[in-house]
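Spelled out from the first residue to the last, the chains are:
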Amino acid sequence: MSELSGFYAIWKREFKVFLREKSRIFSSAFSPLLWLFVFGAGLGSEISGYQNYIYPGVIVMTTLFSSIFYGAYVIWDKRLDFLKEVLVSPVKRSTIFFGKVIGGVTDALIQGSILLLFAPIFAVSLHLSYIVLIYIYLFVLLVGFVSIGLIIGSIMESPEGFGLITGFVNFPLLFLSGALFQIKQLPGWLTIVTRINPVTYGVDAIRGLTIGGNTFNLFLDFGIITAFSFSMIFIGTYAFSRMKLKP
Amino acid sequence: MSAYSKKTIRVIQISIVKVKNLRKVFEDKEDIVAVDNISFEIEEGEVFGLLGPNGAGKTTTLSMLATLVKPTSGTAEINGFDILKESHEVRKSIGIVFQNPSSDDLLTGYENLELHGLLYGLSKDIREKRIKNVLDLVDMEERKDDQVKKYSGGMRRRVELARGLLHDPKILFLDEPTLGLDPQTREHIWNYIERLVEEKKVTVILTTHYMDEADRLCDRVAIIDFGKIVVLETPEKLKRDLGGEIIRLKIKKPNLQKVKKLKYVENISKLNDTVSLTVRDANRHLQEILKVIGKVESVESRSPTLNDVFLHYTGREFREEGAEGGFWERIADYRSKR
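> Explanation requested: the overall build of chain B in the structure shown.
If you tally the helices and strands in chain B, you get 13 helices and 14 strands. Put simply, 73% of the contacts in chain B that link residues at least 6 apart link residues at least 24 apart.

In structure tokens, the structure reads:
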């Protein structure tokens, strides 16, 4: 019982903090719109339908970046003694980790929802059943993304170090995922790398569910992102249990 | 300190904290021995102080007792539970107020307390009742719905004190409770600590590097230096054992040989140009001392403080500033980057 209440406590804190940081919501909605309306429109003038094509990619990109960035807040909690306050409570570390994961997923889903509101502009008509599926796929995918951020946050001591590491994580995951270009006719080595990248399957599923034209079977997509998220949860709970505190 | 806690020591005599050969070596920091084989016991209802300069090992000791840092060897029993084998039970028995700000400053004072109540699994009814009670105790009822970032340093500490008590712990840990606060605010915080000790009848372990703080709040004090307990006694006895008043003289060439022959001089220590003498009946003998010691620049006579005790036992002056940084600097640092 107390684990559940602890989980709720962590989630509630993360959610409230998110709602109170207006700048965080604003900035997270701003850059994807820039991608869609400037980058998408610009390149779209050369390649017809490009703006539509990257719409699902931008949804995944936005939620990927903010999910991973969310891990930086662990470092702030560490710098103050807030993290100690949480860790000294009788709540298990794995519960704290799950509370944080679902907190981060909630934040990212809100950002994703803002972008889904723009669907009509891209002439994408979403069926209700598809919307439910989109949320299910996004949820599973984001659990994995947020876990990556938290793992990095639990290891790093400084925000600078965190920024450096995530730079090496974010962009490869994005560029090698088919979010911004077709992955069907790539040179051999790129094909291999994109097939290894789990984000590819997330983007593929979201694309299939929004504008259609997925490369893989949706069940395969789901299987792979589920396996990915479970492995990240596994590593994340381990990283949290090993997280060392300075006295 | 409260009259209650002193009485309890004499009547009940139950050790609620038993520390056995606790030791911590930081391997990643060139094998620094932060805590070196310390043992002590604390009785129920007592206010116990760990006093020492920065880096003496106080906070490390506290972190080990709070199960946040694993000891290299040795163990401790808190409220009958072993810190290594029963850490979950230990955590339920203790409340802790950390050295650095540890509340979320985007949340209100009330929300921080609510969060704490949920973490400790308090049901809604109990939670709300206790929050009201502890907010009353630290006079923060009025400001409870303001975000913590709008609080002063003292208010923030008060809310954190309240929070430490919310789940009714048997033992309250206070890590440098007034670090970086101005003198007036420190006085207030001391009053609140005294009040909660009296009303909640909680056992308190506090760390401090302020002599006056230990003197004012603690029933017993362990002076820690380089990870070892130098002496453990009541502040009164520590001061009394020095055997008299302190005379401090600023003098270039003291004639210490002659002073040593005076029977009423109990102790002599010298640091640069300053000579400290512990003298029985100092007021009567001052004239004579001044006659034999030589040409004096200035003289000061007063009753001994814990500072003198520290100097007496370690041979070093007690420095108050250090590398740990103030409370406000950390908040400023945190805010500018968040």
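> Would you take a moment to explain the overall build of chain A for this structure?
What chain A contains, in helices and strands, is 11 helices and 0 strands. For chain A, the sequential pattern of α-helices and β-strands runs α-α-α-α-α-α-α-α-α-α-α. Against the compact-globule benchmark of 18 Å for 247 residues, chain A has a radius of gyration of 18 Å, which places it among compact chains. Dimensions along the principal axes, computed over C-alpha positions, put chain A at roughly 60 × 40 × 35 Å. Looking at chain A as a whole, 46% of its 247 residues qualify as buried. Nonlocal contacts in chain A, meaning residues at least 24 apart in sequence, comprise 79% of its contacts between residues at least 6 apart.

> Would you mind showing me how to read the environment of Trp190 of chain B here?
Residue and element names in this part refer to chain B. Among the secondary structure elements, Trp190 is positioned in helix 7 (residues 183–200). It is 37 Å that separates the C-alpha atoms of Trp190 and Ile251, two residues lying 61 residues apart in sequence. Non-local contacts of Trp190, meaning those with residues more than four positions away in its chain, are made with Arg216 and Leu217.

> Just checking my understanding: could you explain unusual backbone geometry for this structure?
Across the chain, the bulk of peptide bonds are trans and the bulk of non-glycine residues have phi less than zero. Even without being glycine, Asp139 of chain B reaches a positive phi, approximately 55°. Relative to the helices and strands, Asp139 of chain B is located in the loop between helix 5 (124–137) and helix 6 (153–165).

> Explain the domain arrangement of chain B here, please?
A common way to report how large an interface is uses the accessible area buried once the components associate. Each domain of chain B was delimited in the assignment, giving domain 1 (3–234) and domain 2 (243–303). The gap between the C-alpha centroids of domain 1 of chain B and domain 2 of chain B is 40 Å.

> Any chance you could explain helix 2 (residues 22–44) of chain A here in plain terms?
An α-helix turns once per 3.6 residues; consequently, residues spaced three or four apart project the same way. All names here are of chain A. Between its first and last C-alpha, helix 2 extends 32 Å over 23 residues, near the 33 Å set by a 1.5 Å rise per residue. Listed in full, the buried residues belonging to helix 2 are Ser28, Pro32, Trp35, Leu36 and Gly40. Looking at the buried residues of helix 2, the elements they touch are helix 3 (50–69) and helix 6 (93–116).

> What's the story with the nonpolar core in this structure? I'm lost.
Note on soluble globular proteins: their nonpolar side chains tend to be buried together. In this structure, Ala162, Ile171, Phe173, Val204 and Ile205 of chain B are the most contacted members of the largest nonpolar core, which totals 71 residues. Once residues lying within four places of it in the same chain are set aside, the contact partners of Ala162 of chain B are Leu113, Val134, Leu135, Leu137, Val138 and Met140 of chain B. Membership of the second largest hydrophobic core comes to 67 residues, among which are Val91, Leu115, Leu150 and Ile225 of chain A.

> Help me understand the pairing of strand 14 (residues 296–302) of chain B in this model?
Consecutive side chains along a regular strand alternate between the two faces of the sheet. All names here are of chain B. The buried count for strand 14 comes to 0 of 7 residues, which makes it a mostly uncovered element. Sheet analysis places strand 11 (residues 245–251) next to strand 14, joined by 6 bridges and oriented antiparallel. Opposite Ile251, over in strand 14, you have Val296 as the bridge partner.

> Hey, could you run me through the sheet that holds strand 13 (residues 274–279) of chain B in this one?
Adjacent strands of a sheet pair through backbone hydrogen bonds, lying either parallel or antiparallel. Residue and element names in this part refer to chain B. If you trace the 4 strands from one edge of the open sheet to the other, you get 12-13-11-14, paired in antiparallel fashion. Two strands bound the open sheet, and with one partner strand each, they are strand 12 (265–271) and strand 14. Taken over all neighbouring pairs, the strand axes of this sheet differ in orientation by 15° on average, direction set aside. Strands strand 11, strand 13 and strand 14 of the sheet are contacted by helix 11 (residues 282–293), whose axis makes an angle of about 25° with strand 11.

> What exactly am I supposed to notice about the interface of chain A and chain B here?
Each partner contributes to the interface: chain A provides 27 residues, whereas chain B provides 27 residues. Mapped onto the side of chain A that touches chain B, the elements with two or more residues apiece are helix 1 (2–20), helix 4 (72–79) and helix 5 (82–87) of chain A. By residue number, the principal contributor to the side of chain A that touches chain B is helix 1 of chain A, which donates 9 residues. Class assignment for the residues of the side of chain A that touches chain B results in 15 nonpolar, 4 polar and 8 charged.

> Can you help me understand the pairing of strand 12 of chain B in this one?
Looking at chain direction, strand 12 of chain B and strand 13 of chain B are connected through 6 bridges and run antiparallel. Paired with Val265 of chain B across the two strands is Val279 of chain B, which belongs to strand 13 of chain B.

> It is not clear to me how the confidence of the model for chain B should be interpreted in this structure. Could you clarify?
Should pLDDT be low for a region, the predicted coordinates there are not to be read in detail. Residues and elements named next belong to chain B. Per-residue pLDDT for chain B averages 87, and the proportion of residues at 70 or more is 89%. The lowest-confidence element of chain B is helix 1 (residues 3–11), averaging 49 in pLDDT; the highest-confidence one is helix 4 (residues 109–119), averaging 97. Scored below 50 in pLDDT, residues 320–325 makes 7 contacts in the model with residues more than four places away or belonging to other chains. Reported confidence for the predicted complex is 0.88 by ipTM and 0.84 by pTM.

> Can you walk me through the sheet that holds strand 5 (residues 81–82) of chain B in this structure?
All names here are of chain B. Spatially, 2-1-4-5 is the arrangement adopted by the 4 strands of the open sheet, whose pairing is antiparallel. The sheet is open, and its two borders are formed by strand 2 (32–43) and strand 5, each paired with just one other strand. As paired strands, strand 1 (residues 15–26) and strand 4 (residues 73–78) are joined by 5 bridges and run antiparallel to one another. Note on strand 4: the bridge partner recorded for Val19 is Ala76.

> Before we go on, may I ask you to explain the packing of helix 7 (residues 128–155) of chain A against helix 11 (residues 218–242) of chain A in this structure?
Two packed helices can be described by the angle between their axes and the distance between those axes. Residues and elements named next belong to chain A. With their axes 8 Å apart at the nearest point, helix 7 and helix 11 run at an angle of 25° to one another. One way to sum up the angle between helix 7 and helix 11 is to call them roughly parallel. Crossing angle aside, the handedness with which helix 7 passes helix 11 is left-handed. Contacts between helix 7 and helix 11 involve Tyr137, Val140, Leu141, Val143, Gly144, Ser147, Ile148, Leu150, Ile151, Ser154 and Ile155 from the first element and Phe222, Ile225, Thr226, Phe228, Ser229, Met232, Ile233, Ile235, Gly236, Ala239 and Phe240 from the second. Looking at the contact of helix 7 with helix 11, its residues break down into 16 nonpolar, 6 polar and no charged.

Conventions we followed
Residues numbered from 1 in each chain as written. Chains lettered and ligands numbered in written order. Predicted model: local features only at pLDDT ≥ 70, side-chain atom pairs only at ≥ 80, totals over all residues. Helix = DSSP H or I, 4+ residues; strand = E, 2+ residues; numbered from the N terminus. Contact = placed C-beta atoms within 7 Å. Rg over C-alpha atoms; globule rule 2.2 N^0.38 Å. Buried ≥ 20, exposed ≤ 12 C-beta atoms within 10 Å, placed from the backbone. Domains from an automatic or database assignment. Expected span 1.5 Å × (residues − 1). Core = buried A, V, L, I, M, F, W, Y, C linked by C-beta atoms within 7 Å. Pairing = 2+ DSSP bridges. Axes fitted to C-alpha atoms, helices over the stretch in contact; angles between N-to-C directions. Nonpolar A, V, L, I, M, F, W, Y, C, P; charged D, E, K, R; others polar. pLDDT = per-residue confidence, 0-100. Parallel < 35°, antiparallel > 145°, perpendicular 65-115°, else oblique. Left-handed = near helix turned anticlockwise from the far one by under 90°.

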